[in-house]
Amino acid sequence: MSVFTEETRLRAREIIARYPADRSRSALLPLLHLVQSEEGYVSPAGVEFCAEVLGLNKAQVGAVATFYTMYKRKPSGDYLVSVCTNTMCDVLGGQAVYDALAEHLGVGHEETTADGKITLEHAECLAACDYGPVMTVNYDFFDNVEPQGALGVVQELQAGGRPMPTRGARLCTLKEMAVQLAGFADERDGAVADGGPGAPTLRGLRLAEEHGIAVPGFDPKTPIRSKAEADRAAAEAKAKAEAEKPAPAPEPAKAAEPAKADGADKTAEPARAGTTATTGTAGNAGAAEPATPAAASGSTAPDVKAPDDKSPQVRTAETRQPDASTPVPDAPGTKVPVDGPAPAPRDARAAEAAGAAANPPAGDGKPAGDAAGAQERNLKEAEAGTDADGADPADASGTGVRK
């Protein structure tokens, strides 16, 4: 465990803090990138480190690390060269690019050169079919490559250079890229300002320029604010909106009800639950209003739904897969099977005839044993409840052979 630096441990705590306390397991993917940035691959020590900081066992971490091809299980070179050989790129020449690089480097799939600088691999799909054939170096794209162009990129890497990708920022090592994939910014000065977007990326901008479409008041030179600045601006805007919100108008007082003209004493209605019946004169005739739940119980706690008030999703799940505590007949949409009377022989004959009419044979041939005489005999035996010899089926011989 001593292989990991204190900086890596601090970053691990920062990654875990991005997620809710009860969802810390979601931090596993970026943590695997983090340990890969330290060693160049996910080693057994890296698996143990992730398991320790997340409270998992090593089998759970290893299951994830072996599922994704972006996590390497053995040391890789500084530059991972991935050539797409999937259908589209293969048709356009991707396999020829891979073969040329394999011959030049003297390595095969997932193998690293003797100097530890370049690892070569086949890639299934790099999601850039419109630029095919494509290859990536540490996940940065080189588009429309052909064997000689790909060899030129690799030779420049071997000479210590860093060729500029077709799209994206300046090349970095695999360990540096793993830090970025873990969720940390590229700290190299001016690195993200290098490179350029592809033509399809700029297509929307070009169409907007052609048709004179622009965002009102947009200044392209406006700097991008940091997260802290954006949060502070949002808090100030919210406070300003709250301050400008008008105070609610006071509710008008309710006018007293006029006294009834009839001065005779009147008897109140029969008392109801939670009310008190009174008898009075014109000024106080009638029954008292029903008591509110708070007045009746003395509690001010908010209403809470009953435990059996389940959501439709829960009800549906219980219907599909009930457990011992779920009464299946009570679940909505569930039908309890009930044994009904056996179909009459004539019903069976009608169903058979309807099925035969709806499914005519494809040719003149019939399956073996599909003779009309045998079918008719079997149907008569079924109606009579006896076998061919007139004996009850239950009286079959002990050998199980019936005539």
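Bear in mind the structure is a predicted one, so any value in this text is a computation, not a measurement.

> A description of the overall build of the chain should follow, citing residues and the corresponding values.
When its secondary structure is counted, the chain shows 14 helices and seven strands. Counting contacts in the chain only where the partners sit at least 6 residues apart, residues at least 24 apart contribute 54% of the total. A total accessible area of about 27,400 Å² is found for the chain, and carbon and sulfur atoms account for 56% of it.

> Could you give me a rundown of the state of the cysteines, with the residues and numbers involved?
All chains considered together, the criterion is met by zero disulfides. Sulfur of Cys129: no disulfide; nearest cysteine sulfur belongs to Cys125 and is 4.5 Å away. For Cys129, a relative accessible area of 41% corresponds to the partly exposed category.

> So what's going on with the sheet that holds strand 5 (residues 140–142)? Residues and values would help.
With mixed pairing, five strands are arranged side by side in an open sheet as 2-3-1-4-5. Looking at the sheet topology across the chains shown, the edges are occupied by strand 2 (111–112) and strand 5. Relative to strand 3 (residues 118–123), strand 2 runs antiparallel, the two being bridged by two bridges. Bridge assignment links Thr112 to a residue of strand 3, and that residue is Thr119. Taken strand by strand, helix 6 (residues 94–105) contacts strand 1 (79–84), strand 3 and strand 4 (135–137), and its axis lies near 155° from that of strand 3.

> Report on the packing of aromatic side chains, specifying residues and quantitative values.
One pass over the full model with this rule turns up three aromatic pairs. Seen in terms of ring centroids, Phe4 and Phe49 are 4.8 Å apart; in terms of plane orientation they differ by 35°. Their pairing is tilted. Here Phe49 lies in helix 3 (residues 44–54) and Phe4 lies in the segment before helix 1 (6–16), a separation of 45 residues in the sequence. For the pair Phe67 and Tyr68, a centre-to-centre distance of 4.9 Å together with 85° between the ring planes defines the contact as edge-to-face. Note on Phe67: relative accessible area 61%, which makes it exposed. Judged by relative accessible area, which is 33%, Tyr68 ranks as partly exposed.

> Account for the side chain of Thr136, naming residues and giving values.
Inspection of the secondary structure assignment puts Thr136 in strand 4. For Thr136, a relative accessible area of 2% puts it in the buried group. The contacts of Thr136, once residues within four sequence positions are left out, are Leu80, Val81, Ser82, Leu126 and Phe141.

> Hey, could you go over the nonpolar core for me, with residue numbers and the actual values?
Leu31, Leu32 and Val61 are the most contacted members of the largest nonpolar core, which totals 23 residues. Counting residues in hydrophobic clusters, the runner-up holds 21 residues, among them Ala102, Leu105, Val107 and Ile118.

> Give a detailed account of the pairing of strand 3, specifying residues and quantitative values.
By the criterion of burial, strand 3 is predominantly enclosed, with five of the six residues buried. Looking at chain direction, strand 1 and strand 3 are connected through six bridges and run parallel. The partner of Cys84 across the bridge, within strand 3, is Ala123.

> Any details on the confidence of the model for the chain? Residues and values, ideally.
Per-residue confidence for the chain gives a mean pLDDT of 76; residues scoring 70 or more make up 66%. Taken as a whole, residues 263–287 scores under 50 in pLDDT and shows 26 contacts with residues more than four places along the chain or in a different chain. Across residues 393–403, where pLDDT falls below 50, the model places seven contacts with residues more than four positions away in sequence or in other chains.

> I'd like to hear about the pairing of strand 1, residue by residue, with values.
Side-chain positions along a regular strand alternate between the two faces of the sheet. Burial analysis of strand 1 places six of its six residues in the buried class, which makes it a mostly covered element. The two faces of strand 1 match: Tyr79, Val81 and Val83 on one face and Leu80, Ser82 and Cys84 on the other face are all buried. Direction of pairing for strand 1 relative to strand 4: antiparallel, over a ladder of three bridges. Bridge pairing in strand 4 places Val81 opposite Val137.

> Give a detailed account of the packing of helix 3 against helix 4 (residues 58–65), specifying residues and quantitative values.
For the pair helix 3 and helix 4, the least separation of the axes is 9 Å and the interaxial angle reads 120°. Accordingly, the angle class assigned to the pair helix 3 and helix 4 is oblique. You can see that helix 3 and helix 4 cross each other, and the crossing is right-handed. Taking contact as the criterion, the partners of Val47, Glu48, Cys50 and Ala51 in helix 3 are, on helix 4, Lys58, Val61 and Gly62. Counted by class, the contact of helix 3 with helix 4 contains four nonpolar, one polar and two charged residues.

> Go over the side chain of Thr119, please, and point to the residues and values.
With respect to the helices and strands, the residue Thr119 is situated in strand 3. Residue Thr119 is classed as buried on the basis of its relative accessible area of 5%. Here Thr119 is in contact with Ser76, Gly77, Tyr79, Leu80, Val81, Glu110, Glu111 and Thr112, once residues within four sequence places are set aside.

> How would you explain a nonpolar patch on the surface if you had to name every residue and give the values?
A contiguous nonpolar surface patch, about 300 Å² in accessible area, is contributed by Leu29, Phe67 and Tyr68. Along the chain, Leu29 turns up in helix 2 (residues 28–39). Accessibility expressed as a relative area gives 33% for Leu29, which makes it partly exposed.

Cut-offs used in this document
- Residues numbered from 1 in each chain as written.
- Predicted model: local features only at pLDDT ≥ 70, side-chain atom pairs only at ≥ 80, totals over all residues.
- Heavy atoms only, no water.
- Helix = DSSP H or I, 4+ residues; strand = E, 2+ residues; numbered from the N terminus.
- Contact = heavy atoms within 4.5 Å.
- Areas by Shrake-Rupley, 256 points an atom, 1.4 Å probe, with all protein chains shown as cover.
- Disulfide = S-S within 2.5 Å.
- Buried < 20%, exposed > 50% of the residue type's maximum accessible area, 1.4 Å probe, protein only.
- Pairing = 2+ DSSP bridges.
- Axes fitted to C-alpha atoms, helices over the stretch in contact; angles between N-to-C directions.
- Phe/Tyr/Trp six-rings, centres within 6.5 Å; stacked < 30°, edge-to-face > 60°.
- Core = buried A, V, L, I, M, F, W, Y, C linked by side-chain atoms within 4.5 Å.
- pLDDT = per-residue confidence, 0-100.
- Parallel < 35°, antiparallel > 145°, perpendicular 65-115°, else oblique.
- Left-handed = near helix turned anticlockwise from the far one by under 90°.
- Nonpolar A, V, L, I, M, F, W, Y, C, P; charged D, E, K, R; others polar.
- Patch = residues over 30% accessible without salt bridge, like charges linked within 9 Å, V, L, I, M, F, W, Y side chains within 5 Å.
- Salt bridge = Lys/Arg side-chain N within 4 Å of Asp/Glu carboxyl O.

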